[in-house]
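Residue-level structure breakdown
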Amino acid sequence: MAKVDVLVVGAGFAGAVVAERLAHAGRQVLVIDRREHIAGNAYDEFDAHGVLIHRYGPHLFHTNAERIVDYLSRFTEWHPYEHRVRAWVEGRLYPIPINRDTINQLYGLNLDEEGVKAFFERVREPREPVRTSEDVVLNTVGRDLYEKFFRGYTRKQWGVDASELAASVTARIPVRTNSDDRYFSDRFQAMPKAGYTAMFRNLLDHPRIRVELGTDFAAVRGQISARHTVYTGPIDAYFGYCYGRLPYRSLRFEHEHFADIERYQPVATVNYPNDHAYTRITEFKHATGQRHPGTSIVREYPQAEGDPYYPVPRPDNEALYKRYAELAKRETTVTFVGRLAQYRYYNMDQVVGAALTAARTILGESE
Ligand code: FAD
Ligand code: UDP
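Rules of the game
Residues numbered from 1 in each chain as written. Chains lettered and ligands numbered in written order. Predicted model: local features only at pLDDT ≥ 70, side-chain atom pairs only at ≥ 80, totals over all residues. Heavy atoms only, no water. UniProt positions renumbered as here; feature names shortened; annotations may be inferred. Helix = DSSP H or I, 4+ residues; strand = E, 2+ residues; numbered from the N terminus. Buried < 20%, exposed > 50% of the residue type's maximum accessible area, 1.4 Å probe, protein only. Contact = heavy atoms within 4.5 Å. Areas by Shrake-Rupley, 256 points an atom, 1.4 Å probe, with all protein chains shown as cover. Phe/Tyr/Trp six-rings, centres within 6.5 Å; stacked < 30°, edge-to-face > 60°. Near = heavy atom within 4 Å. Polar contact = N/O pair within 3.5 Å; in protein donor to acceptor, adjacent residues only side chain to side chain. Core = buried A, V, L, I, M, F, W, Y, C linked by side-chain atoms within 4.5 Å. Pairing = 2+ DSSP bridges. Axes fitted to C-alpha atoms, helices over the stretch in contact; angles between N-to-C directions. Nonpolar A, V, L, I, M, F, W, Y, C, P; charged D, E, K, R; others polar.

The chain has the name UDP-galactopyranose mutase in an unreviewed UniProt entry, where Fontimonas thermophila is given as its organism. Under the UniProt heading Sequence similarities (unreviewed entry), the entry covering the chain gives this text: "Belongs to the UDP-galactopyranose/dTDP-fucopyranose mutase family." A UniProt comment under Cofactor (unreviewed entry) is attached to the chain, and it reads "FAD".

Here is the structure:
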């Protein structure tokens, strides 16, 4: 039986960060991943045409947490980039998040900030309490904007109506009265200069870390003697689905390269709330800053089956997750961390934060 101090299941943000911290503290760490590559869903690679693409959809790094930027900056330099998105609605592109220009262009108005505030006050449908993702949008911008920008996108993305989803899902998208058209409001927004995979290579490049790819936990469970296990896969899978399956939403990614055009669309991402089976098209060069005579895009088609990408925030799923979390508490030599193991709709920076905390707990350090 192979012996290590710590077995880490998953080489995404959660696994790689915990592995780095524990190795740094002197532990011998074995990281396994069932995929043939590191970096989890943040994996990027050069496609056959030499364009840096994200295999599992667009990953834009943004955070307000300085300690997370400081930590990751040990493993990467940054390419400054603020993400911008447009939504294709009734044959035109509009800024999303909804802002002053969205309102003025959509309704042929010329409102200033105060005017936009008054406009939202007039059209909003107050909800008390704000419980669902539908409530969030109706409560701030009213029905017409909800139907044009949110209803179709949400149904496509999640396979259920916004009224069936927790408020936190659409609450991710701000509503602005000024002309700020950045997708995120965070203080720090950037891309790892040489890409995510390169940053992960640096994270995992430690004499006390060994990485074994193409290795499923199920296949080696019981064959590796570890004092502690860090599990970052789906929590229901760890427990053999004993309470039934936790729903995770999946996607099919359709990548395409255009050899003869430098730019496919005016911004990195165009959302299609009401047209097509895909939710959005992302053109990577906008975000990475790469220069290339051609360009590569990805279309995202949501689906129920396939690799788990999104936990589905709904009260019944939360309740089922809590039952698994109770079982997890009893596994005193196992730490469950990450988007799949904690069943949380985490961004990358939040996963890094959770992983740093998990590592401190394992090492018996206080925050
Ligand atoms: P993952 O990256 O999923 O890593 C888990 C790893 O565990 C995987 O590599 C998997 O193969 C492995 N694994 C699972 N089960 C087993 C097993 N049984 N045996 C061995 N290995 C196993 N976040 C942002 O901040 N900004 C964005 O712009 C952004 N865009 C996104 C776009 C899409 C389409 C998606 C799906 C997510 C996006 N995210 C974004 C979220 C981001 O991907 C996650 O927060 C982050 O990658 C989660 O890291 P993780 O380590 O928890 O999980
Ligand atoms: N959303 C929408 N229309 C949009 C953008 C987002 O309805 O143009 C809703 C949709 O429910 C989506 C959620 O807001 O799933 C969160 O969007 P985000 O862009 O953060 O999703 P992610 O990048 O995590 O897939």
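Side note on the overall build of the chain
From N to C terminus, the chain includes 11 helices and 17 strands. Projecting the C-alpha coordinates of the chain onto the three principal axes gives extents of approximately 70 × 50 × 35 Å. Burial status across the chain gives 57% buried among its 367 residues. Intrachain contacts of the chain at a sequence separation of at least 6 include 71% that bridge at least 24 residues. Counting every atom, the chain has about 16800 Å² of accessible surface; 47% of that belongs to carbon and sulfur.

Section: the packing of aromatic side chains
How two aromatic rings sit relative to each other is given by the distance of their centres and the angle of their planes. With the rule as written, the count across this model stands at 30 aromatic pairs. Pairing Tyr 248 with Tyr 343 gives two aromatic rings, centres 5.2 Å apart and planes at 80°, and the pair type is edge-to-face. Placement of the pair is Tyr 248 in strand β12 (residues 248-258) and Tyr 343 in the loop between β17 (334-336) and α11 (348-362), with a sequence separation of 95 residues. Using a relative accessible area of 11% as the deciding quantity, one classes Tyr 248 as buried. Overall, Tyr 343 belongs to the buried group, its relative accessible area being 2%. Aromatic pair Phe 258 and Tyr 264: ring centres 5.0 Å apart, planes at 20°, arrangement stacked.

Digging into unusual backbone geometry
Here the amide bond leading from Ile 96 into Pro 97 is cis, since omega sits at 5°, within 30 degrees of zero. The residue Pro 97 is located in the loop between β8 (92-95) and α3 (100-107) in this model. A cis geometry characterises the amide bond from Glu 128 onward to Pro 129, with omega recorded as 0°. Tracing the backbone through its elements, the reader meets Pro 129 in the loop between α4 (113-123) and α5 (133-158). Here Ala 39, not a glycine, exhibits a phi torsion of approximately 90°, which is positive. The topology assignment puts Ala 39 in the loop between β2 (29-32) and β3 (44-46). According to the relative accessible area criterion, Ala 39 is buried, its value standing at 1%.

A word on the UniProt feature "domain: UDP-galactopyranose mutase C-terminal" (unreviewed entry) in the chain
Mapped onto the present numbering, the UniProt feature "domain: UDP-galactopyranose mutase C-terminal" (unreviewed entry) falls at residues 148-345. Taken end to end, residues 148-345 is 25% helix and 25% strand, and its first and last C-alpha atoms sit 24 Å apart.

A closer look at the site of ligand 1
In the vicinity of ligand 1 there are 32 residues, among which Asp 33, His 59, Leu 60, Arg 339 and Met 348 approach most closely. In this structure, Leu 60 approaches ligand 1 through a main-chain N or O atom, which is 2.8 Å from an oxygen atom. Residue Phe 217 places a main-chain N or O atom 2.9 Å away from a nitrogen atom belonging to ligand 1. Burial of ligand 1 by the protein chains amounts to 96% of its free accessible area of 1000 Å². For the shell around ligand 1, the secondary structure elements donating two or more residues are α1 (13-24) and α11.

Quick notes on the nonpolar core
Phe 13 and Phe 149 are the most contacted members of the largest nonpolar core, which totals 107 residues. Every residue in contact with Phe 13, bar those within four places of it in the chain, is listed here: Ala 42, Leu 72, Tyr 196, Met 199, Phe 200, Met 348, Val 351, Val 352 and Ala 355. With eight residues, the next largest nonpolar core counts Val 267, Tyr 278, Ile 281 and Ile 297 among its residues.

Considerations on the sheet that holds strand β5 (residues 61-63)
The sheet built from three strands is open, its strands ordered β5-β9-β6 with antiparallel pairing. Since the sheet does not close on itself, it has two edges, and those belong to β5 and β6 (78-80), each with one partner. In this sheet, adjacent strand axes meet at a mean angle of 40° when their direction is disregarded. Note: β5 against strand β9 (residues 188-192), three bridges, orientation antiparallel. Bridge pairing in β9 places His 62 opposite Gln 189.

Considerations on the site of ligand 2
Residues in contact with ligand 2 amount to 16 residues; listed here are only the nearest, Thr 154, Arg 172, Tyr 183, Tyr 310 and Tyr 345. Take Phe 149: an N or O atom from its main chain is 2.9 Å from a nitrogen atom of ligand 2. Within the complex, 94% of the 520 Å² of free accessible area of ligand 2 lies under protein. With six residues, the top contributor of residues to the shell around ligand 2 is α5. Of the residues belonging to the shell around ligand 2, the class tally is 10 nonpolar, four polar and two charged.

Observations regarding the environment of Lys 329
Within the secondary structure layout, Lys 329 lies in helix α10 (residues 315-330). Each C-alpha atom, one on Lys 329 and one on Leu 251, is 31 Å from the other, the two residues being 78 residues apart in sequence.

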